[in-house]
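Fold and contact review
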Amino acid sequence: MKLRRLAILPVLLAPLALGGCESLDFWNGKSDALRGRGTTYADMSPEALYAAGLESLRAERYAQAIEIFDTVERDHPYSTWATNARLMSGYAEYSRNRYTEALGQLDRFIQLHPAHRDIAYAYYLRGLCYYEQIADAQRDQAGTETALAALQDVVNRFPNSTYARDARLKIDLARDHLAGKEMNIGRFYQQRRLYAGAILRFRNVVENYQTTNHVPEALHRLTEIYLAMGLPEEARKTASVLGHNYPGNAWYQDSYALLVDGAEPADRNTSPPGLLRRVVEAVF
């Protein structure tokens, strides 16, 4: 993914500028040559090993990169390279979708190196690990709550960083998932005329997920329910809120048609906005 490559660049390049007293002259820059000519990992300096791990990452040979970074940690535990290797090992695990293993590495890094110059990146990558595991809106959203908390931690700790800006965008998308879950439950209750439960769900969307694209439908569903319950005044008030905030929205047209004789509902022959459009709208 493009995002993953952009996210890793600052961390990849910075350690190589530190320099060191040991030479890399015996290594040709390709990790597949590490063991050639009788060379073993034990013969290599921590700088050379770390650089080889980075080369493996760039080539998307993640298992090999993890092996090399683990060697740096094991054989040179007190070097700067070992600290960076732990973070890069977490990235490599993330890149091959092994999120549990990545989180283990990242949590360890954060615990042991809270003042590290790349600590913001570690928190951000930790948030991404949770974010990538968000289930669709039809399933339990406990993972979404965890992702939200991890991403918000990035924003709270590093509010002016590039990582915080991206975390805010992902928070909006995660909240859209949670609102979608509430809508699914609300519609389920409404279809079965369990109106009290449906009202609670739709109100929750309106009150607590105001920046998501689900709010207009939630207001329309409330209008439908109030009419079904014989509460036309509540229905008109809700439709008025919908019309004031979303005057050109199809859901307002549907609500208006319920309340005004002769008014036509929205044309449902056209497809509603798909997930991609909702994602774009949520971000931008």
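Criteria and thresholds
Residues numbered from 1 in each chain as written. Predicted model: local features only at pLDDT ≥ 70, side-chain atom pairs only at ≥ 80, totals over all residues. Heavy atoms only, no water. Helix = DSSP H or I, 4+ residues; strand = E, 2+ residues; numbered from the N terminus. Buried < 20%, exposed > 50% of the residue type's maximum accessible area, 1.4 Å probe, protein only. Contact = heavy atoms within 4.5 Å. Areas by Shrake-Rupley, 256 points an atom, 1.4 Å probe, with all protein chains shown as cover. Arc of directions from axis to C-beta. Polar contact = N/O pair within 3.5 Å; in protein donor to acceptor, adjacent residues only side chain to side chain. Expected span 1.5 Å × (residues − 1). Axes fitted to C-alpha atoms, helices over the stretch in contact; angles between N-to-C directions. Parallel < 35°, antiparallel > 145°, perpendicular 65-115°, else oblique. Left-handed = near helix turned anticlockwise from the far one by under 90°. Nonpolar A, V, L, I, M, F, W, Y, C, P; charged D, E, K, R; others polar.

Okay, the overall build of the chain next. When helices and strands are counted, the chain shows 13 helices and 0 strands. Taken across its 284 residues, the chain has 46% of its residues classed as buried. Across the chain, the fraction of contacts at a sequence separation of at least 24, relative to all contacts at a separation of at least 6, is 57%. Surface exposure of the chain reaches about 15000 Å², of which carbon and sulfur atoms provide 51%.

Among all positions of helix α12 (residues 250–259), only D254, S255 and A257 are buried. All buried residues of α12 project into a common sector of 160 degrees when viewed along the axis, lining one side. As for α12, its buried residues are in contact with α10 (215–228) and α11 (232–245). Two or three places before W251, at the start of α12, stands the capping residue N249, its side-chain oxygen 2.8 Å from that residue's backbone nitrogen.

Our focus in this paragraph is helix α5 (residues 99–112). Here α5 is 14 residues long and its end C-alpha atoms lie 20 Å apart, about the 20 Å a rise of 1.5 Å per residue gives. Along α5, the positions that sit buried rather than exposed are Y99, A102, L103, Q105, L106, F109 and I110. Looking straight down α5, one finds that the buried residues subtend no more than 165 degrees of arc, so they occupy a single side. Residues of α5 that are exposed and point more than 90 degrees away from the buried face comprise T100 and Q111.

Let's shift gears to the environment of G143. Positionally, G143 belongs in helix α7 (residues 142–157). Spatially, the C-alpha atom of G143 lies 9.7 Å from that of E132, the residues being 11 residues apart in sequence.

What follows deals with the environment of T223. You can see T223 is positioned in helix α10. A residue is classified by how much of its surface remains accessible, and T223, at 0% relative accessible area, is buried. In this structure the C-alpha to C-alpha distance between T223 and R236, which are 13 residues apart in sequence, comes to 7.2 Å. Beyond its immediate sequence surroundings of up to four residues, T223 is in contact with A235, T238, A239, S255 and L259. Here L219 takes part through its backbone oxygen, which lies 3.0 Å from a polar atom of the side chain of T223.

Interaxial distance between helix α4 (residues 80–95) and α5 falls to 7 Å at its minimum, and their mutual angle equals 155 degrees. By the angle between their directions, the pair α4 and α5 is classed as roughly antiparallel. Note that α4 runs across α5; the crossing there is left-handed. Along the contact surface, α4 presents T83, R86, L87, S89, G90, E93 and Y94, while α5 presents Y99, E101, A102, Q105, L106, R108, F109 and L112. Tallied by class, the residues present in the contact of α4 with α5 amount to 7 nonpolar, 4 polar and 4 charged.

None of this, on its own, says anything about what the molecule does.
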